[in-house]
Amino acid sequence: MKQIIARQLSAEGFAPFGDVIELKDTPDKIINQGMCGRHHDLANMDFGPDGRAGISLFNATPRALPYTVDMVERHPEGSQAFIPMTEHAFLVIVAKDLGGVPDAPLAFLTAPGQAINFHRNTWHGVLTPLSNPGLFAVVDRIGDTANLEEFWFDTPYQVVEEQSPRSGPP
């Protein structure tokens with residue numbers, strides 16, 4: 001089994017695959033009589049010409065590291081955002097497209113308060129919470145046509161957590 005090291009999620013590292021949705025250093029606007037900071041337009045949502053935005057709630061069973069990746073999927077007709085409804089980290093798996101099939105996957109671990117939006121047609125793993133409850137709001141395309149393509153790897157990958165460097169003598 002091939003091994004993948006899960007790195008901390010960052011906007012720069014995730015940019016080829018989608019958007020990291022998180023608070024900015026300062027809000028774009030203060031609203032509600034000065035009691036709320038609005039961090040505006042944080043993801044490039046895309047629902048195609050024949051779709052509309054839908055909000056669904058997903059309650060996924062938590063997984064653990066090491067985690068086996070044997071399948072990825074993509075949505076050719078619209079983007080998909082995973083917004084955790086808890087402060088728990090979750091695992092994000094993505095892969096670049098190589099002429100209609102995914103390249104070797106990459107893995108990211110979110111920090112509390114981070115959400116993600118996969119761009120249209122981005123290969124990605126299934127929703128993978130690492131704690132209970134695995135409750136997420138999902139914003140994606142609702143339409144009359146299928147918006148799902150799956151790819152099963154001949155050889156699975158195993159995702160492991162990045163080890164932090166040790167300081168001082170062993």
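For the structure, check the block above.
The rules behind the values
- Residues numbered from 1 in each chain as written.
- Predicted model: local features only at pLDDT ≥ 70, side-chain atom pairs only at ≥ 80, totals over all residues.
- Heavy atoms only, no water.
- Core = buried A, V, L, I, M, F, W, Y, C linked by side-chain atoms within 4.5 Å.
- Buried < 20%, exposed > 50% of the residue type's maximum accessible area, 1.4 Å probe, protein only.
- Helix = DSSP H or I, 4+ residues; strand = E, 2+ residues; numbered from the N terminus.
- Contact = heavy atoms within 4.5 Å.
- Polar contact = N/O pair within 3.5 Å; in protein donor to acceptor, adjacent residues only side chain to side chain.
- Lys, Arg positive; Asp, Glu negative; His and termini not counted.
- Salt bridge = Lys/Arg side-chain N within 4 Å of Asp/Glu carboxyl O.
- Phe/Tyr/Trp six-rings, centres within 6.5 Å; stacked < 30°, edge-to-face > 60°.

A.B. asks: What is the right way to look at the nonpolar core in this model?
C.D. replies: Grouped burial of nonpolar side chains is what soluble globular proteins tend to show. Phe14, Phe82, Val92, Val94, Ile116 and Phe118 are the most contacted members of the largest nonpolar core, which has 15 residues in total. Counting residues per element, the ones that place at least two in this core are β8 (90-95), β10 (115-118) and β13 (135-142). The greatest single-element share of this core, amounting to three residues, is contributed by β8. Each residue touching phenylalanine 118, except ones within four places of it in the same chain, is listed here: Phe14, Phe17, Gly18, Ser79, Gln80, Phe82, Val92, Ile93, Val94 and His124. In this structure, Val72, Ile93, Ala95 and Ala107 belong to the second largest nonpolar core, which totals 14 residues.

A.B. asks: Explain the side chain of threonine 110 to me, please; I cannot follow it from the model alone.
C.D. replies: Considering the arrangement of structural elements, one finds threonine 110 in the loop between β9 (106-109) and β10. Of note is the side chain of threonine 110, whose polar atom sits 2.8 Å from the backbone nitrogen of phenylalanine 90.

A.B. asks: So what exactly am I meant to see when it comes to the side chain of glutamate 73 here?
C.D. replies: Secondary-structure assignment places glutamate 73 in strand β6 (residues 67-74). Although glutamate 73 is buried, it forms no salt bridge, and the closest oppositely charged side chain is arginine 63 at an N-O distance of 9.7 Å. A distance of 3.5 Å separates a polar atom in the side chain of glutamate 73 from a polar atom in the side chain of histidine 75. In contact with glutamate 73, not counting residues within four places along its chain, are Gln80, Thr122, Trp123, His124, Val126, Leu148, Glu149 and Glu150.

A.B. asks: It is not clear to me how the packing of aromatic side chains should be interpreted in this structure. Could you clarify?
C.D. replies: Two aromatic rings are characterised by how far apart their centres lie and by the angle between their planes. A full pass over the atoms with the stated rule returns eight aromatic pairs. Ring geometry for tryptophan 123 and phenylalanine 151: centres 6.2 Å apart, planes at 70°, overall edge-to-face. Placement of the pair is tryptophan 123 in strand β11 (residues 123-124) and phenylalanine 151 in strand β14 (residues 149-161), with a sequence separation of 28 residues. Of the residues examined, tryptophan 123 reaches a relative accessible area of 1% and is grouped as buried. With 5.0 Å between their ring centres and 80° between their planes, phenylalanine 153 and tyrosine 157 make a pair best called edge-to-face. The exposure class assigned to phenylalanine 153 is buried, which follows from its relative accessible area of 12%. Relative accessible area serves as the criterion here: at 9%, tyrosine 157 is assigned to the buried category. Ring pairing ties together the aromatic residues Phe14, Phe17, Phe82, Phe108 and Phe118, which thus form one cluster.

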